[in-house]
Amino acid sequence: AHEFALIQRLISAQGEAVPKRILADEIFGPYIANAGDRLNVLITRLRKKAAAHFGTAIPLKTLHQLGYVFNARCRVKR
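An account of the accompanying structure is given in this report.

Rules behind the numbers
- Residues numbered from 1 in each chain as written.
- Predicted model: local features only at pLDDT ≥ 70, side-chain atom pairs only at ≥ 80, totals over all residues.
- Heavy atoms only, no water.
- Buried < 20%, exposed > 50% of the residue type's maximum accessible area, 1.4 Å probe, protein only.
- Helix = DSSP H or I, 4+ residues; strand = E, 2+ residues; numbered from the N terminus.
- Arc of directions from axis to C-beta.
- Contact = heavy atoms within 4.5 Å.
- Core = buried A, V, L, I, M, F, W, Y, C linked by side-chain atoms within 4.5 Å.
- Axes fitted to C-alpha atoms, helices over the stretch in contact; angles between N-to-C directions.
- Parallel < 35°, antiparallel > 145°, perpendicular 65-115°, else oblique.
- Nonpolar A, V, L, I, M, F, W, Y, C, P; charged D, E, K, R; others polar.
- Salt bridge = Lys/Arg side-chain N within 4 Å of Asp/Glu carboxyl O.
- Pairing = 2+ DSSP bridges.

Attention now moves to helix H2 (residues 20–28). Residues lying three or four places apart along an α-helix face the same way, a consequence of the helix completing one turn every 3.6 residues. Every buried residue belonging to H2 is among Leu-23, Ala-24, Ile-27 and Phe-28, and all of these are buried. Buried positions in H2, seen along its axis, are confined to an arc of 95° and lie on one side of it. Here the buried face of H2 lies against helix H1 (2–12), helix H3 (35–54) and strand S2 (67–70). Gly-29 occupies a position one or two residues after H2 and carries a positive phi of about 100°.

Time to look at the nonpolar core. Leu-6, Leu-10, Leu-23, Leu-39, Ile-58 and Tyr-68 are the most contacted members of the largest nonpolar core, which totals 20 residues. Secondary-structure elements contributing two or more residues to this core are H1, H2, H3 and S2. In terms of residues, this core owes the most to one element, H3, which gives 6 residues.

Next up on the list: the environment of Lys-61. Residue position: Lys-61 is located in strand S1 (residues 60–63). The exposure class of Lys-61 is partly exposed, given its relative accessible area of 44%. For the pair formed by Lys-61 and Asn-71, sequence separation is 10 residues and the distance between their alpha carbons is 6.9 Å. Discounting residues that sit within four places of it in the chain, Lys-61 has contacts with Arg-47, Gly-67, Tyr-68, Val-69 and Asn-71.

Okay, the packing of H2 against H3 next. H3 packs onto H2 with a crossing angle of 90° between their chain directions and a minimal axis gap of 9 Å. One element, H2, and the other, H3, form an angle in the roughly perpendicular class. Facing H2, whose interface residues are Lys-20, Arg-21, Leu-23, Ala-24, Ile-27 and Phe-28, H3 presents Ala-35, Gly-36, Arg-38, Leu-39, Asn-40 and Leu-42. Its residues placed into classes, the contact of H2 with H3 shows 7 nonpolar, 2 polar and 3 charged.

Let us now look at the pattern of salt bridges. Tallied over the full model, the rule gives 4 salt bridges. Residue Arg-21 pairs with Asp-25 through a salt bridge whose shortest N-O separation is 2.6 Å. Placement of both Arg-21 and Asp-25 in helix H2 is noted, with a separation of 4 residues, approximately one turn of the helix. When salt bridges that share partners are traced, they join Glu-3, Arg-45 and Lys-49 into one network.

On to the pairing of S1, then. Note that S1 and S2 share 4 bridges and pair antiparallel. When the sheet's bridge partners are listed, Leu-60 is paired in S2 with Phe-70. Counting the residues between successive antiparallel strands, the hairpin from S1 to S2 contains 3 residues, one of them, Gln-65, with a positive phi of roughly 70°.

Note that all results are geometric; they support no functional claim without further evidence.
Take a look at the structure:
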């Protein structure tokens, strides 16, 4: 569920960087200890799963000091 929430949030940002703190708060809640570290683990796990399943890297880019961006064209169906 957390992986889906992460991807959905990044896709809905439409190519804009989403700060790490905002992602951590939205996915884990604002009062969870070590939410930033949990986010790092979640992203690492997601990247490994995508590489194993698709045979290529997921289009998720780390922007140091800014956050993360999903840099592929797509949209979220509602």
